[in-house]
Amino acid sequence: SLIFGILKTAIGRLNSKKYASSGSSEESGGNMSMAKTIVLVRIAFPSLQLICTDFLSRFNSAMLHECVDTLAMFGLQQEDLNISLAAIGLLWTVSDFVLEKKQKVGIEEQKKIDDIWMFLLARLSELCSDDRPEVRNTANQTLFRTIGMNGKKFTLESWSECVWRVLFPLLERVKISSLADKGP
């Protein structure tokens, strides 16, 4: 959990509004801090990749939740397209792991796994409305392939939750985006 906090700090600094250009005399100092933060994100992401490829089996439910959240934050950052695309790929990896884990745990733990699964789908859904077409398309493909490949494993309750928590909010964001693109 500590490692995810550290990784989130790196990406959180990049996504924070304090780096927004203000046009003030401190702009060059802000640009230097922004450049350092981008470098920090590029250094931090390989650590996250290592965690997701080699250590998922050691995670409890809370750590899996943190992992999904951290991956989504890296996917949403705007500075490095390759990191965003790689983060989406890692969400695919985590989704496979979560579904495999669900088959190996007891009934009590399955509810926690279902919650992580829906959280993962919801975070992928957020990436589906990214401004960058490459990220948006990759996230859409990943989301719908994940649902398509694993839909038969969903209970009726899971399908209902998926429709209301993942798909309808995605459609709403698409609708709002298309209306904004049309203008007045």
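Everything below is about the structure shown above.
Predicted model, so just to flag it, every value in this text is computed and none were measured. (Residues numbered from 1 in each chain as written. Predicted model: local features only at pLDDT ≥ 70, side-chain atom pairs only at ≥ 80, totals over all residues. Heavy atoms only, no water.)

*Asks:* In this structure, what is going on with a nonpolar patch on the surface? I would like to understand it.
*Replies:* A contiguous nonpolar patch, built from L2, I3 and I6 and spanning about 310 Å² of accessible area, is present on the exposed surface. Of the residues examined, L2 reaches a relative accessible area of 68% and is grouped as exposed. (Patch = residues over 30% accessible without salt bridge, like charges linked within 9 Å, V, L, I, M, F, W, Y side chains within 5 Å. Areas by Shrake-Rupley, 256 points an atom, 1.4 Å probe, with all protein chains shown as cover. Salt bridge = Lys/Arg side-chain N within 4 Å of Asp/Glu carboxyl O. Buried < 20%, exposed > 50% of the residue type's maximum accessible area, 1.4 Å probe, protein only.)

*Asks:* Could you clarify how one ought to interpret the pattern of salt bridges in this entry?
*Replies:* Should the charged atoms of two oppositely charged side chains come close, the side chains can pair. Within this structure, the stated rule accounts for 10 salt bridges. For the salt bridge of K111 with D115, the shortest nitrogen-to-oxygen distance reads 3.1 Å. With K111 and D115 both in helix α5 (residues 107-127) and 4 residues apart, this pair spans about one turn of that helix. In this structure D115 comes out as partly exposed when scored by relative accessible area, which is 33%. In the salt-bridge network here, residues are joined through shared partners; they are K8, E66, D69, R123 and E126. (Helix = DSSP H or I, 4+ residues; strand = E, 2+ residues; numbered from the N terminus.)

*Asks:* Would you explain the environment of R123 in this entry?
*Replies:* In this structure, R123 sits in helix α5. Looking at R123, the relative accessible area reads 11%, which means it is buried. Between the C-alpha atom of R123 and that of L71, which follows or precedes it by 52 residues, the distance is 9.1 Å. The contacts of R123, once residues within four sequence positions are left out, are V68, D69, A72, M73 and L76. (Contact = heavy atoms within 4.5 Å.)

*Asks:* Honestly, the nonpolar core in this entry has me stumped. Any pointers?
*Replies:* Nonpolar side chains tend to gather and get buried jointly when the protein is soluble and globular. If you look at the biggest cluster of nonpolar residues, it comprises 47 residues, and the most contacted ones within it are F74, V94 and L121. Per-element accounting of this core gives the leading share, 10 residues, to α5. Apart from residues no more than four positions distant in its own chain, F74 is found in contact with L7, I11, V41, A44, F45, L48, I83, S84 and A87. (Core = buried A, V, L, I, M, F, W, Y, C linked by side-chain atoms within 4.5 Å.)

*Asks:* Any chance you could explain the packing of aromatic side chains here in plain terms?
*Replies:* To describe a pair of aromatic rings, you give the distance between the ring centres and the angle between the ring planes. Applying the stated rule across the entire model yields 5 aromatic pairs. Ring geometry for F4 versus F59: centroids 5.6 Å apart, planes at 80 degrees, classification edge-to-face. Of this pair, F4 sits in helix α1 (residues 2-15) while F59 sits in the loop between α2 (27-54) and α3 (61-76); the two residues are 55 residues apart in sequence, bridging distant segments of the chain. For the pair shown, F4 and F59 are each scored as buried. Between W164 and F168 the ring centres are 4.8 Å apart and the planes differ by 80 degrees, which places this aromatic pair in the edge-to-face class. Placement of the pair is W164 and F168 together in helix α7 (residues 156-182), with a separation of 4 residues, close to one helical turn. On the basis of relative accessible area, F168 is assigned to the partly exposed category, the value being 39%. Through successive ring pairs, a cluster of aromatic residues spans W117, F154 and W159. (Phe/Tyr/Trp six-rings, centres within 6.5 Å; stacked < 30°, edge-to-face > 60°.)

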